[in-house]
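Chain and residue survey
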Amino acid sequence: MPWGIALFLVYGLLILAGVGIALGPVVEQAVLIPITLLGAVLMALLAYTIFTITLVIQRKEAARNLALGLVSLTVPAIPLALLYGQLIGAIFITALALLLFRGLRTPAALAWLDQP
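The following paragraphs examine the structure supplied in this document. Starting from 1, residues in each chain are numbered consecutively following that chain's sequence as written. Local features in a predicted model are, by the rule used here, given only for residues with pLDDT of at least 70; side-chain atom pairs are given and counted only at 80 or more, and totals for whole chains, interfaces and linings are based on all residues. Values reported for side chains reflect all heavy atoms of the structure, with hydrogen atoms and water molecules removed beforehand.

This brings us to the side chain of Thr 49. The numbering of helices and of strands both runs from the N terminus, where a helix is a DSSP run of H or I of at least 4 residues and a strand a run of E of at least 2. Secondary-structure assignment places Thr 49 in helix α2 (residues 37-57). In this scheme, a residue with accessible area under 20% of its type's maximum is buried, one over 50% is exposed, and one in between is partly exposed, where area comes from a 1.4 Å probe on protein chains only. In this structure Thr 49 comes out as buried when scored by relative accessible area, which is 0%.

Okay, structure coming up:
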């Protein structure tokens with residue numbers, strides 16, 4: 001398995017862990033309001049992440065574009081970190097984003113995701 005794919009899988013599992021932690025307040029809100037914007041966004045992110053990770057593990061060609069789309073979620077996090085005064089966090093997110101983009105675009109990653 002190429003390093004870019006392994007790094008992406010770790011990134012995807014971190015997203016799943018973050019969504020799992022954030023679901024507590026969403027479930028509490030669901031008692032009062034059945035559908036909330038936050039709940040809909042988290043469910044969409046959860047479904048997209050699980051689907052993408054599944055395709056990457058199955059080595060499907062379609063997983064490459066979906067994985068790049070999931071990695072693009074790091075881009076808005078950089079200005080948000082800077083807005084809250086987290087310079088070290090912004091630098092870490094930038095480095096992670098660059099590594100993920102580079103790792104998913106390597107020839108080894110393309111060869112790994114070769115199943116139609």
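Having seen the structure, we can now continue with the description.
Note that Ala 67 resides in helix α3 (residues 62-71). A relative accessible area of 0% means that Ala 67 is categorised as buried. Counting along the chain gives 18 residues from Ala 67 to Gly 85, while the straight-line C-alpha distance between them is 29 Å. We call two residues in contact when some of their heavy atoms are within 4.5 Å. Beyond its immediate sequence surroundings of up to four residues, Ala 67 is in contact with Phe 8, Thr 52 and Leu 104.

This part covers the packing of α3 against helix α5 (residues 87-104). Helix-helix packing is characterised by the crossing angle of the two axes and by the distance between the axes. Comment: axis = line fitted to C-alpha atoms, over the contacting stretch for helices; angle = value between 0 and 180 degrees taken between N-to-C directions. Between α3 and α5, the shortest axis-to-axis distance is 10 Å and the interhelical angle comes to 170°. If you check the angle between α3 and α5, you find them roughly antiparallel. Residues Arg 64, Ala 67, Leu 68 and Val 71 of α3 lie in contact with α5, whose contacting residues are Ala 97, Leu 100, Phe 101 and Leu 104. Any residue outside Ala, Val, Leu, Ile, Met, Phe, Trp, Tyr, Cys, Pro, Asp, Glu, Lys and Arg is labelled polar, Gly included; the first ten of those are nonpolar and the last four are charged. Taken together, the residues that form the contact of α3 with α5 break down as 7 nonpolar, no polar and 1 charged. Each angle gets one of four labels, with under 35 degrees taken as roughly parallel, over 145 as roughly antiparallel, 65 to 115 as roughly perpendicular, and the rest as oblique.

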